[in-house]
Amino acid sequence: MDETAQRLLGSATRLSRDPETEIDWDAPIGDGYGMSPEWSTLYGTPYWDELTEAQQRELTRHESASVATTGIWFELILQQLVLRDVYDKPARSAEFQWALTEIADECRHSIMFARATERMVEPAYRPRLLARELGRMFKTIATGESAYAAILVAEEVLDVMQRDWMRDRRVEPLVRTVNHIHVVEESRHMVFAREETRERLAGAGRGRRWVSALVIAIAADMIVSSMVGPAVYANVGLDVGRAVREARRNEHHRSLLRTSCANLMDFLGSLGLLTPAASRVYRRTGLL
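What counts as what
- Residues numbered from 1 in each chain as written.
- Predicted model: local features only at pLDDT ≥ 70, side-chain atom pairs only at ≥ 80, totals over all residues.
- Heavy atoms only, no water.
- Helix = DSSP H or I, 4+ residues; strand = E, 2+ residues; numbered from the N terminus.
- Rg over C-alpha atoms; globule rule 2.2 N^0.38 Å.
- Buried < 20%, exposed > 50% of the residue type's maximum accessible area, 1.4 Å probe, protein only.
- Phe/Tyr/Trp six-rings, centres within 6.5 Å; stacked < 30°, edge-to-face > 60°.
- Lys NZ or Arg CZ within 6 Å of the ring centre and 35° of its normal.
- Patch = residues over 30% accessible without salt bridge, like charges linked within 9 Å, V, L, I, M, F, W, Y side chains within 5 Å.
- Areas by Shrake-Rupley, 256 points an atom, 1.4 Å probe, with all protein chains shown as cover.
- Salt bridge = Lys/Arg side-chain N within 4 Å of Asp/Glu carboxyl O.
- Expected span 1.5 Å × (residues − 1).
- Core = buried A, V, L, I, M, F, W, Y, C linked by side-chain atoms within 4.5 Å.
- Contact = heavy atoms within 4.5 Å.

Colleague: For the overall build of the protein, give the residues involved together with the corresponding values.
Modeller: Summing up its helical and strand segments, the protein has 14 helices and zero strands in all. If you list the helices and strands of the protein from N to C, you get α-α-α-α-α-α-α-α-α-α-α-α-α-α. Taking 288 residues into account, the globule formula puts the C-alpha radius of gyration at 19 Å, and the protein, at 19 Å, falls close to it. Along the longest, intermediate and shortest principal axes, the C-alpha atoms of the protein span 55 × 45 × 30 Å. Looking at the protein residue by residue over its 288 residues, the buried ones come to 55%.

Colleague: Could you give an account of the packing of aromatic side chains, naming the residues involved and the relevant values?
Modeller: For the coordinates displayed, the defined rule picks out four aromatic pairs. Plain terms: the ring middles of Trp73 and Phe74 are 6.3 Å apart, the flat faces sit at 75° to each other, and that makes the pair edge-to-face. Accessibility expressed as a relative area gives 11% for Trp73, which makes it buried. When the ring of Tyr148 is compared with that of Phe192, the centres are 6.0 Å apart and the planes differ by 80°; the resulting orientation is edge-to-face. Linking Tyr148 in helix α7 (residues 144-167) with Phe192 in helix α8 (residues 173-201), this pair joins segments that are 44 residues apart in sequence. By the burial criterion, Tyr148 is buried, and Phe192 matches it. An aromatic cluster is defined as three or more aromatic residues linked by ring pairs; in this entry it consists of Trp98, Tyr148 and Phe192. The ring of Phe267 has Arg194 sitting right over it, with the charged end atom 4.6 Å from the ring centre.

Colleague: Explain a nonpolar patch on the surface to me, using residue names and the numbers behind them.
Modeller: The grouping of Leu130, Leu134, Met137 and Ile141 at the surface amounts to a nonpolar patch, some 390 Å² of accessible area in total. If you trace the backbone, Leu134 turns up in helix α6 (residues 129-141). Of the residues examined, Leu134 reaches a relative accessible area of 33% and is grouped as partly exposed.

Colleague: Describe α7, and please don't skip the residues or the numbers.
Modeller: Residues spaced three or four apart along an α-helix face the same direction, because each turn holds 3.6 residues. Counted at 1.5 Å a residue, the expected span for α7 with its 24 residues is 34 Å, and the 35 Å between its end C-alpha atoms agrees. In terms of burial, α7 is largely enclosed, as 21 of its 24 residues are buried.

Colleague: Please give an account of the pattern of salt bridges that cites residues and values.
Modeller: Evaluation of the coordinates by the stated rule reveals 21 salt bridges. Arg17 is the salt-bridge partner of Glu22, the closest N and O atoms lying 2.6 Å from each other. Residue Arg115 is joined to Glu20 by a salt bridge in which the shortest nitrogen-to-oxygen separation is 2.8 Å. Residue Arg115 is located in helix α5 (residues 94-120), and its partner Glu20 is located in helix α2 (residues 19-22); the two are separated by 95 residues in the primary sequence. Taking relative accessible area as the criterion, Arg115 reaches 28% and is therefore assigned partly exposed. Glu20 sits in the partly exposed class, given a relative accessible area of 49%. Several salt bridges converge on common partners, so that one network encompasses Asp105, Arg108, Glu185 and Arg188.

Colleague: Quick one: what's the story with the nonpolar core, residue by residue and with numbers?
Modeller: Leu59, Phe74, Leu268, Tyr282 and Leu287 are the most contacted members of the largest nonpolar core, which totals 79 residues. When residues in this core are grouped by element, the largest group, 13 residues, is from α7. Beyond its immediate chain neighbours, meaning those up to four positions away, Leu287 contacts Val157, Ala220, Val224, Leu257, Arg258, Cys261, Met265 and Tyr282. Listed in part, the ten residues of the second largest apolar core include Ile23, Phe113, Ala116 and Leu174.

Here's what the structure looks like:
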């Protein structure tokens, strides 16, 4: 693991970004989409087709802000998991130093997301109370492969979305820049999370894998279901009940998630973490 950590430290030295200096925070905000419209939770539904283009753009801006806030929430959980994991590791080790480097990245990302959402929309979003309390419990008890695989799931789901958004010229330039910075730096974090998950599972028995698989799947469900909530639809002036119903039945959105997370599911499956119980949760969430 130290060899991987050393390589990632070198990458961080070469490729780390500073949103404070690389983003013009005073530049005027245009009227672009907040995300690629195809990633909207309502895209492909009859309700989406009834919206004007201006309403569609506004919806995606609020959805993007909500997704970013969910990212901040899980990055706070991630930081606590990683800090607890390296608490008694030698400070001179590359693994220890990489962990602190990753946490520094996440601090910058959280501030970047917070400032971007403030520029894009007026309301401040956050996950529902149940998710926040479950997250509080998860960050307290999760260890080993459960912690690192859950980190990987959160990073992979955001990564696949943001890779599309950062290339899409329909998307507001501020959002594209924020997503580009996040994607570049998160690629290192995903490498580390994969290596840690593999290492922690070495020699693990069937029972432990079954429990870990279910914990990771429940964490994934918690993350994905928190990305866009009813408040988003209310703040855009939509019929909340109808929007929630159509979003839940939106096969286009579920298909995007499944396709984008195929490599992640293959990775979990290769480690014995796609048990029947975990797979049922992923299917309900739309990742499988």
